[in-house]
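Chain by chain, the residues:
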Amino acid sequence: MIGVGIYYHIRGVRGTMTAEQLSVFDKEIPKQMYIRRVERILYEYPALKAGQENEHELEQIGLGNLFPTLIGSYDDMPRGTDISDPTGKYGIKRAEKSIKIRQIERALDALNYEERKVIEEKYFNAAHPKDVQVYTELGLGSTYYYRVKDQAIRKVAMALNII
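Residues numbered from 1 in each chain as written. Predicted model: local features only at pLDDT ≥ 70, side-chain atom pairs only at ≥ 80, totals over all residues. Heavy atoms only, no water.

## Overview of the overall build of the chain
Moving on, step 1. When helices and strands are counted, the chain shows seven helices and two strands.
Moving on, step 2. Walking the chain from its N terminus toward its C terminus, one meets helices and strands in the order β-β-α-α-α-α-α-α-α.
Moving on, step 3. Counting the 163 residues in the chain, one finds 24% classified as buried.
Moving on, step 4. For the chain, the proportion of contacts with a sequence separation of at least 24, taken over those separated by at least 6, is 54%.
Moving on, step 5. As displayed, the chain has an accessible area near 11,600 Å², and 55% of this comes from carbon and sulfur atoms. (Helix = DSSP H or I, 4+ residues; strand = E, 2+ residues; numbered from the N terminus. Buried < 20%, exposed > 50% of the residue type's maximum accessible area, 1.4 Å probe, protein only. Contact = heavy atoms within 4.5 Å. Areas by Shrake-Rupley, 256 points an atom, 1.4 Å probe, with all protein chains shown as cover.)

Put into structure tokens, the structure is as follows:
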């Protein structure tokens, strides 16, 4: 092996890893740690996007927010440096949603055509189809479909810094 190494610093331990060691380390990340989180994010994305588009539309015609945010009683309690006025909280929530949408879109841009189609059909479809329906609709074999789906979810998790 050529002397190429990757420098790391994990929990106070410093050192270098060769490409082989890094690939072994990479395989140890359990899928269940990130799959559910990525799937929840992907299922929520169409609603987040629709909400953002609705806000932009209302702003353009000057109506503001027709559906005011409901703030729970726990959110109204001042804590530390928390913003206590509802308008400020609404502005922060809007900014967070906007950033979240941009980051998800950037993650989706990292996918190839087939990965993107699988994600769109599986997670952005309002009918929430089963996997068998998705791979049948796309004309893919089940083994290939699951491989593409796993790759896509892993790429999204990496792009969103979940893994």
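## Some details on helix α7 (residues 142-159)
Moving on, step 1. Taking 1.5 Å per residue, 18 residues should reach 26 Å; α7 reaches 26 Å between its end C-alpha atoms and fits that length.
Moving on, step 2. Burial in α7 covers these residues: Y145, V148, K149, A152, I153, R154, V156 and A157.
Moving on, step 3. Phi turns positive, to about 60 degrees, at N161, one or two residues after α7. (Expected span 1.5 Å × (residues − 1).)

## Re the packing of helix α5 (residues 113-123) against helix α6 (residues 131-138)
Moving on, step 1. Following both chains from N to C, one finds α5 and α6 inclined at 135 degrees, their axes separated by 10 Å at the closest point. As the angle between them shows, α5 and α6 are arranged oblique. Like other packed secondary-structure pairs, α5 and α6 cross with a definite hand, here right-handed. In this structure, α5 uses K117, V118, E121 and K122 to contact α6, whose residues at the interface are D131, V134, E137 and L138.
Moving on, step 2. In the contact of α5 with α6, the residues fall into three nonpolar, no polar and five charged. (Axes fitted to C-alpha atoms, helices over the stretch in contact; angles between N-to-C directions. Parallel < 35°, antiparallel > 145°, perpendicular 65-115°, else oblique. Left-handed = near helix turned anticlockwise from the far one by under 90°. Nonpolar A, V, L, I, M, F, W, Y, C, P; charged D, E, K, R; others polar.)

## Quick look at the side chain of K149
Moving on, step 1. In this fold, K149 is placed in helix α7.
Moving on, step 2. With relative accessibility at 8%, the residue K149 sits in the buried group.
Moving on, step 3. Contacts of K149, omitting those with residues within four sequence positions, involve E39, V118, K122, Y123 and D131.

## Remarks on the environment of Y146
Moving on, step 1. Topologically, Y146 is positioned in helix α7.
Moving on, step 2. Judged by relative accessible area, Y146 falls into the partly exposed class, the value being 36%.
Moving on, step 3. Ignoring anything within four residues of it in the chain, the contact list for Y146 reads D131 and Y135.

## Some remarks on α5
Moving on, step 1. If you check which residues of α5 are buried, you get E115, V118, I119, K122 and Y123. Angular distribution of buried residues about the axis of α5 spans 95 degrees; they occupy a single face of the element. (Arc of directions from axis to C-beta.)

## Section: the pattern of salt bridges
Moving on, step 1. For the coordinates displayed, the defined rule picks out eight salt bridges.
Moving on, step 2. With its nearest N and O atoms 3.0 Å apart, the salt bridge here joins D150 to K31. Within this pair, whereas D150 is found in helix α7, its partner K31 is found in the loop between α1 (19-27) and α2 (32-61), the two being separated by 119 residues in sequence.
Moving on, step 3. Given a relative accessible area of 30%, D150 falls into the partly exposed group.
Moving on, step 4. E105 is the salt-bridge partner of K49, the closest N and O atoms lying 2.8 Å from each other. Of this pair, K49 sits in helix α2 while E105 is found in helix α4 (residues 86-109), placing the two residues 56 residues apart along the sequence. (Salt bridge = Lys/Arg side-chain N within 4 Å of Asp/Glu carboxyl O.)

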